[in-house]
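Each chain is listed here by its residues.
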Amino acid sequence: TRRPAGPAPPPPPPPTTTTTTTTTPPKKKKTFSLRDTFVRSDLDLVLLGLFLAVRTAAASSSLRSPSSPRDDDPTLDPTDDADAPHLLGNYLADRGAAELDEAGTDPDPTLALLYPWFTQTLSVLIYYVLSRHLPVLPYPAVVFVLGFALGYVTDRHSEDAISQSSLLWMKINWQVLLNVFLPGLIFLDSYEIDVHLFFQAFWQLMNFAFPMVLGGTVLTALVARFIFPYGWSFNLCMTFGAILSGTDPVAVSGLLDSLGAPPRLKMHVSGESLLNDGSAMVFYMIFSDRFFFELGVPGLGEDIGWGAGFVLFFRLAFGGAAVGLAFGLGTVVLLGALNRRLAVEERVMQVVVLISVAYLTYFTADVLCVTSGIIATIAFGLTVKVLGGSMIHDDELTRHFLEVTGQLLNTLLFILGGTLWGNIISNNDALDRYHGIFGGMDWAYLAILFVMLIVIRFVLVFGVYPITRHTGVGTNWKETVFMAYGGFRGSVGIALALSLHQRLYCERDKSTDPDEFIAYQNELGTLFCMVGGISLFTLLINGITSKPLLQLLSLVTPEQTRQKVVLHYRKEMAQVSTWRVYFFHALLTRVLVGHPAPNSMNIFNSKDWKVIYACSRKKGKRNKLGRMMGWLFNLCRELLTI
């Protein structure tokens, strides 16, 4: 049947849909922020004052018994001939402790726990001040100055707990010193390195490591031999050159990462430091043994000839690499056995395995096998990174733990080096008694040494430039200039200088000629002051001027990710500002005119309302602001649609 003719029925009305659009939430009410209050006020100064008050309170409590003789006792004459060799033999690290020993009161060994944690706490305050107010100053240099202040005060106030704890740390055994600090620092550097770029640039890094380290050792030794007036022996000059030939990227690595430096430059800086630490350690072991043999103390040092020296060099280098490779393979097998990826305990145990075997590798190579512990630790770290990197369940946990370990070790090592440096320099108030370890002219020679080291560094780096330019990943003259200028001296050099001084101190009782022994100890005191001063100068001067040099050479460009984030943020802020203008325009038009502004609802979309509605439906005390925003926007929506 056909439908009768007539007008067509009207189409059904379209379903009415209410377009629910939202506006951007109004600006949140500013709430109280403890962090902002701390940053914008002087609470940091209050905390610093609190720690100084604790320091003063500790100084006021004497560790001597009431019946113990004081320093002003006329019976304790430090210039007495019978006691002079003993005091002179201990002036570098045991001045206050020697007086306590004579009085019959030894420092409590438990006080050794105070020094590291007290200095670590101070270092956190230093980091806060530098990061907020003085970002241009490098953190390692400032904590070294903190150690200098502690050492300077320790020499004059040796009765308080902090000074006694500092004296205990300044008497640490030289082998314990190296086995505590170097394994963690070296393993951290080897684990964080990019292994793909490392093996691509391997032959470049070998040029930076062995030939340049040997050249730097010889040239620095010539400066010490013919420019310095100290009359050091050839072996001591070569030991001094080996200590200063190693570089440390601790002050420049963070700068390169933050400024977006080329990966090739970062690899050259970190890879060179990693390898030349090993070669510098080998040269140091050879020439320090020859120097200690000159003392004539039985069992101290070894008379190593040139032929035996070459054999010993290869034994230390390749023997250490073999030990590290063996421990690395064993660790990879152990990491593969811990294969329960969902077990949190095994993630932690993998980190424990890595750091424990790293220290065990260094000890085995350095103490048991008499090879290079640094090279062994480097080989161990690279083996684990290449073969066992995919077996590590939580790489982020491992990196964070190693970063914390490296931060603690670096901070404590720089502060300890600064403490001993300040303690030695503070003896200048008794030149007649202590023969003048570091005086006014020594500072002039230190400045000359600093300039000469920069010249030597440029000569060596540009000397191998024709080779490094055409091998590996290549390089250019701008990166070469920065590498020559950024050759910082840091933790490894300080550790070697500390161990050299402490090794002689530990053998003080075996010497048959006290006067000659004192002369050698004076030489090592001056050597350590030179190494500490160079570390401080390079960290301060080169560290502060490295950023302008990078910018001048156009080696840093803003990262693409950072540019995208900034651009996206600006767009969002512009959109939010536009929404705010339209929202207040529509609301005020409704209030003043009596009807909403034309097309006022078109400035909002349903997605915004869904987000606000979802936030308003959440439960919990922390979502009170979200529910309030949802209620406010619902009210505004009703006002706009009336």
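Here the structure is a predicted model, which means the values were calculated and not measured. (Residues numbered from 1 in each chain as written. Predicted model: local features only at pLDDT ≥ 70, side-chain atom pairs only at ≥ 80, totals over all residues. Heavy atoms only, no water.)

Chemist: Explain the side chain of Arg 290 here, please?
Modeler: Along the polypeptide, Arg 290 turns up in helix H13 (residues 263–293). A polar contact of 2.8 Å, which involves the side chain of Arg 290, links it to the side chain of Asn 235. When near neighbours in sequence (up to four residues on either side) are disregarded, Arg 290 contacts Asn 235, Glu 302, Asp 303, Ile 304 and Gly 305. (Helix = DSSP H or I, 4+ residues; strand = E, 2+ residues; numbered from the N terminus. Polar contact = N/O pair within 3.5 Å; in protein donor to acceptor, adjacent residues only side chain to side chain. Contact = heavy atoms within 4.5 Å.)

Chemist: I keep staring at empty space enclosed by the protein and nothing clicks. Help me out?
Modeler: It is a probe the size of a water molecule, rolled over the atoms, that shows where empty space is left. Overall, the coordinates contain 7 cavities of 30 Å³ or more when judged by the stated rule. Within this model, the largest cavity holds a volume of roughly 100 Å³. As for the largest cavity, its lining consists of 13 residues, of which Met 212, Ser 245, Arg 457, Leu 460 and Arg 489 are closest to the centre. With 5 residues, helix H10 (residues 202–226) is the single largest residue contributor to the lining of the largest cavity. (1 Å grid on protein atoms, 1.4 Å probe; cavity = no way out; pocket = protein on both sides within 12 Å on 5 of 7 lines; lining within 4 Å. Points joined across faces, edges and corners; volume = space filled by probe spheres on them.)

Chemist: What am I meant to see in a nonpolar patch on the surface here?
Modeler: The grouping of Leu 214, Val 218, Leu 219, Leu 222, Phe 226, Ile 227 and Ile 448 at the surface amounts to a nonpolar patch, some 580 Å² of accessible area in total. Top element by residues in the nonpolar patch is H10. It accounts for 5 residues. Summarising the element assignment, Leu 214 is placed in helix H10. (Patch = residues over 30% accessible without salt bridge, like charges linked within 9 Å, V, L, I, M, F, W, Y side chains within 5 Å. Areas by Shrake-Rupley, 256 points an atom, 1.4 Å probe, with all protein chains shown as cover. Salt bridge = Lys/Arg side-chain N within 4 Å of Asp/Glu carboxyl O.)

Chemist: Would you mind showing me how to read the layout of surface pockets here?
Modeler: Roughly 460 Å³ of internal volume is contained in the second largest pocket. Surrounding the second largest pocket, 19 residues form its lining, Phe 202, Met 206, Leu 275, Ala 321 and Ile 375 being those nearest its centre. Among the secondary structure elements, those contributing two or more residues to the lining of the second largest pocket are helix H9 (195–200), H10, H13, helix H14 (306–337) and helix H16 (373–387). Counting residues per element, the lining of the second largest pocket draws most heavily on H16, at 7 residues. In terms of residue class, the lining of the second largest pocket is made up of 17 nonpolar, 2 polar and no charged. (Nonpolar A, V, L, I, M, F, W, Y, C, P; charged D, E, K, R; others polar.)

Chemist: How should I be thinking about the pattern of salt bridges in this particular structure?
Modeler: Pairs can form between side chains of opposite charge whenever their charged atoms are close. With the rule as written, the count across this model stands at 5 salt bridges. With its nearest N and O atoms 3.1 Å apart, the salt bridge here joins Glu 479 to Arg 264. Of this pair, Glu 479 sits in helix H21 (residues 477–485) while Arg 264 sits in helix H13; the two residues are 215 residues apart in sequence, bridging distant segments of the chain. Residue classification places Arg 264 among the partly exposed positions, given a relative accessible area of 24%. With its nearest N and O atoms 3.9 Å apart, the salt bridge here joins Glu 346 to Arg 340. A relative accessible area of 57% places Arg 340 in the exposed class. (Buried < 20%, exposed > 50% of the residue type's maximum accessible area, 1.4 Å probe, protein only.)

Chemist: Hey, could you run me through the packing of aromatic side chains in this one?
Modeler: For any two aromatic rings, the description comes down to two numbers: the centre-to-centre distance and the angle of the planes. Applying the stated rule across the entire model yields 27 aromatic pairs. Between the aromatic rings of Phe 144 and Trp 421, the centroid separation amounts to 5.4 Å while the plane-to-plane angle is 45 degrees, which identifies the pairing as tilted. Here Phe 144 is found in helix H6 (residues 139–154), whereas its partner Trp 421 is found in helix H17 (residues 395–425), with 277 residues between them in sequence. Trp 421 shares its class with Phe 144; the two are buried. Between Phe 187 and Phe 380, the ring centres sit 5.4 Å apart and the planes meet at 35 degrees, which makes this aromatic pair tilted. Note that Phe 187 is positioned in helix H8 (residues 174–192) and Phe 380 in helix H16, a separation of 193 residues in sequence. The buried category is assigned to Phe 187, whose relative accessible area is 0%. For Phe 380, a relative accessible area of 0% gives the class buried. One aromatic cluster is present, formed by Phe 144, Phe 148, Tyr 152, Trp 421 and Trp 443 through successive ring pairs. (Phe/Tyr/Trp six-rings, centres within 6.5 Å; stacked < 30°, edge-to-face > 60°.)

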